[in-house]
Amino acid sequence: MAYAQQAPVASGSGASEASSATDSSSSASLRSPFRLTSYFALTETFTDNVGLTKSEEARSDFITQISPSLSVSSGAGAIQGSLRAAFNGNFYGEDASRNKGYLTMNGSGRVEAWREHGYVDLSASISREAISAFAPRPSDSVTGTSNLSEVRNVMIAPYFVERFGDAGSAEVRYLFSETDGSGPNLKQTKNNALSFNIGDPAAFGNIGWYLAGSDSVMSTSGRRDLKQQSARLTGVLKLTPQFQLRLIGGIEGNNIRSVDTQRSSIYGAGADWSPSPTTKLTALWEDRYFGPGLQLSAEHRSPLHVVRMTYSRDVSSTSQSLAAFSSVGTYDLLMSLMQSSYPNALERDAFVRQYIATRGLPESVGISQAVLSNGLYLDRRLRLEMSLIGVRNTLVLSAFHSERSRFTEQSFSVLGGDFQNASSVREISGSATLSHQLTQKTSANVSLTVANSHRDASDATLNPSSRMRRISAGLVSTLAQRANGMLTLRNLRGEGASSYSENAAVASIVVTF
């Protein structure tokens, strides 16, 4: 369904956004070698509230986590992309019944099946996500595990591309994705979508056109299928090499709000402006079946900082939320920041991963922004990301505001999740991490994260709000050429729907082979 709502790319390739991103990264790394890296992490955690329960029920514990992992990346040849997988073994000193082993994974890539014509986009992830925004928000994967659920997400999208004229192209794509969770509130969901996109951005000089269509089915275990169809015709006017306008018209139909298919028209406008190679702004407005649809984005980067802002108003699902709005990635921010210094994608990847490890920066900034729920919801979301790098200091900031309203009938959420007893959920969160290099081998860091959640609950006995604040400080040092050690102290406090507090000390060693 994401492809049905996608605006044509300014470059006029006719490919999807995912394809364009892969193309740009691969073109920068055509001569990059295959890279295989293995890691081993040993983490010891002492906490005075392992379950993140209220103070009179708090229990302390000493937890050992062993995490061997493997990272694979390729920037050349028929297979391009990256994959990182880790097996995590958690062992509790006071309560062996909590012992658990599980796999985490995140990867995406592209396979060239037919030279310059046939491709397959692939992505897969296994992660542990917060079940509810109103239950205790754990700082890691070993505390507060009652509010964590394993979520598996896989996507396979073969597509065919044919180019014509000087800049025209045609694409036909089939997309299959599947999302499944270990908890009862997230049932197995499958998406099947067939789409096409044909156009020429320079068909009449500075005037171009695109024709796109999609037919998709979302199937949820035990619930009715949700079907969507759409077709759009987009006219493009390039006023300058840096600025273009888009006019959009089309039709769409779906059975999201009722069993019978409802049809409506689409019309809208958009603009794309790149005043410099380091600054990009995009805006899209459409009149849709759910009201106004908006996609706004702005990005500016320099050798020392990168700033991103996005705002969207769209109907979404858990699988789309996991793919597009999961926790803010420190890795992604720094990869964008280092693009000019390290044009080669794999060399940039190696530098960024080493930089994160030696500075003790978190893999993600903030908290999970996904909502584990079946069906669809209307999501209005503002997100800001920023990173700055100095001679000895690194600052990573993030903030987001989201209001999600249930869009399908109550039966999709009856098994659990935040929409079981609420029609809408609002969240606001902010996070800041500062790292300071003390010596060539040692860095110190401090982090602050706050989050507020509110729901419009139908059950008057439920507390409508929840607040969380987390502070942490740590030291990271290079112990050997391929080994880093880290010591972190943190304080976590929650109020409202869940009241709890936690103090913890975490020591870890990461060895790269």
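For every chain, the first residue of the written sequence is number 1, and numbering continues from 1 onward in sequence order. In keeping with the predicted nature of the model, local features appear solely for residues at pLDDT of at least 70, side-chain atom pairs appear and are counted solely at 80 or more, and the whole-chain, interface and lining totals rest on all residues. The side-chain values count all of the structure's non-hydrogen atoms but skip hydrogen atoms and water molecules.

The next thing to look at is the overall build of the protein chain. Elements are defined by DSSP. Helices are runs of H or I of four residues or more, strands are runs of E of two residues or more, and each kind is numbered from the N terminus. Summing up its helical and strand segments, the protein chain has four helices and 24 strands in all. Here a residue-residue contact requires only that any non-hydrogen atoms of the pair lie within 4.5 Å. At a minimum sequence separation of 6, the contacts of the protein chain that also span at least 24 residues come to 57%.

Let's shift gears to the pairing of strand β22 (residues 465-480). When DSSP finds two or more bridges between a pair of strands, those strands are recorded as paired. Of the pairings in the sheet, the one linking strand β21 (residues 442-457) to β22 comprises 13 bridges and is antiparallel in character. Counted as the bridge partner of V446 is A473 from β22. Relative to strand β23 (residues 483-496), β22 is paired through 14 bridges, and the arrangement is antiparallel. What sits directly across from G474, in β23, is T488. What sits between the antiparallel neighbours β22 and β23 is a turn of two residues.

Before going further, it helps to spend a moment on unusual backbone geometry. The residue L52 is not glycine, and still its phi comes out positive at about 55 degrees. By secondary structure assignment, the location of L52 is in the loop between β1 (35-47) and β2 (61-74). We note that E116 has phi near 65 degrees; this positive angle belongs to a residue other than glycine. Looking at the secondary structure, you find E116 in the loop between β4 (100-114) and β5 (118-130).

Quick look at the pattern of salt bridges now. A pair is scored as a salt bridge if a Lys or Arg side-chain nitrogen falls within 4 Å of a carboxyl oxygen belonging to Asp or Glu. Scanning all chains against the criterion turns up 23 salt bridges. Across the pair R173 and D121 runs a salt bridge, and its minimum N-O distance is 3.2 Å. Taken as a pair, R173 in strand β7 (residues 168-181) and D121 in strand β5 lie far apart in primary sequence, 52 residues in all. Comparing R173 with D121, the two get one shared label, buried. Across the pair R308 and E385 runs a salt bridge, and its minimum N-O distance is 3.7 Å. Of the two residues, R308 is situated in strand β15 (residues 305-316) and E385 in strand β18 (residues 377-389); the sequence distance between them amounts to 77 residues. Salt bridges sharing partners connect three or more residues here, namely E299, R301, R308, R383 and E385. The buried label goes to any residue with under 20% of its type's maximum accessible area, the exposed label to any with over 50%, and the partly exposed label to all in between, with areas taken from a 1.4 Å probe on protein chains only.

Residues enter a patch when their relative accessible area is above 30% and they make no salt bridge; the linking distance is 9 Å between like charges and 5 Å between nonpolar side chains (Val, Leu, Ile, Met, Phe, Trp, Tyr). Residue exposure ignores everything except the shown protein chains as possible cover, and the areas themselves are Shrake-Rupley values with a 1.4 Å probe. Where nonpolar side chains cluster on the molecular surface, the patch consists of W114, F160, V172, Y174, L194, F196, L211 and L233 and spans about 740 Å² of accessible area. Those elements that place two or more of their residues in the nonpolar patch are β7 and β8 (189-204). Relative to the helices and strands, W114 resides in strand β4.

Across the chain, each position has a pLDDT score giving the predictor's confidence in that residue, from 0 to 100. For the protein chain, mean pLDDT is 84; residues scoring 70 or higher make up 86% of the total. Low pLDDT (under 50) marks residues 1-32, which in the prediction has 76 contacts with non-local residues, meaning those over four places away or in another chain.

Remark: the centre distance and the inter-plane angle together describe each pair of aromatic rings, the angle taken between the planes. Here the aromatic set is Phe, Tyr and Trp, taking the six-membered ring for Trp, and pairing holds for ring centres within 6.5 Å; pairs whose planes are under 30 degrees apart are stacked, those over 60 apart are edge-to-face, and all others are tilted. Scanning all chains against the criterion turns up five aromatic pairs. Ring centres of Y267 and W285 lie 5.9 Å apart, and the angle between their planes is 65 degrees; this geometry places the pair in the edge-to-face category. Pair noted here: Y267 is in strand β12 (residues 262-276) and W285 is in strand β13 (residues 279-288), with a separation of 18 residues, a long-range link. For Y267, a relative accessible area of 43% puts it in the partly exposed group. With a relative accessible area of 35%, W285 lands in the partly exposed category. Measuring from ring centre to ring centre gives 5.1 Å for Y289 and F290, while their planes differ by 85 degrees; the resulting arrangement is edge-to-face.

In this section: the pairing of strand β10 (residues 226-240). Pairing of strand β9 (residues 207-220) with β10 involves 12 bridges; the strand directions are antiparallel. Among the inter-strand pairings, G208 is bridged to a residue of β10, identified as V236. What sits between the antiparallel neighbours β9 and β10 is a turn of five residues, in which G222 has the positive phi angle 80 degrees. Pairing of β10 with strand β11 (residues 243-254) involves 12 bridges; the strand directions are antiparallel. Residue pairing across strands places V236 opposite R246, the latter belonging to β11. The turn joining β10 and β11, which pair antiparallel and follow one another in sequence, is formed by two residues.

Bringing the side chain of R455 into the picture now. Residue placement: R455 occurs in strand β21. Not counting residues up to four positions away in its chain, the partners in contact with R455 are F134, A422, S424, V425, L462, N463, P464 and A497.

Mapping S431 onto the fold places it in strand β20 (residues 422-437). We classify S431 as buried; its relative accessible area is 7%. Within polar-contact distance, the side chain of S431 engages the backbone oxygen of L448 at 3.5 Å. Under this definition, polar contacts are N or O atom pairs within 3.5 Å; protein pairs additionally need one hydrogen-donor-capable and one acceptor-capable atom, and for neighbouring residues in sequence, both atoms have to be side-chain atoms. Within the structure, S431 has its side chain in polar contact with the side chain of T449 (distance 3.0 Å).

A separate point is the environment of K54. Locating K54 in the fold gives a position in the loop between β1 and β2. The spacing of K54 and S499 is 445 residues in sequence and 5.8 Å in space, taken between C-alpha atoms.

The next subject is the environment of S498. Here S498 is to be found in the loop between β23 and β24 (500-512). On the basis of relative accessible area, S498 is assigned to the buried category, the value being 13%. Considered as a pair, S498 and N463 are 35 residues apart in the sequence and their alpha carbons are 8.7 Å apart. With near-sequence residues (within four places) excluded, S498 lies in contact with F134, A135 and P136. Here the side chain of S498 touches F134 through a polar contact of 2.8 Å, landing on its backbone oxygen.

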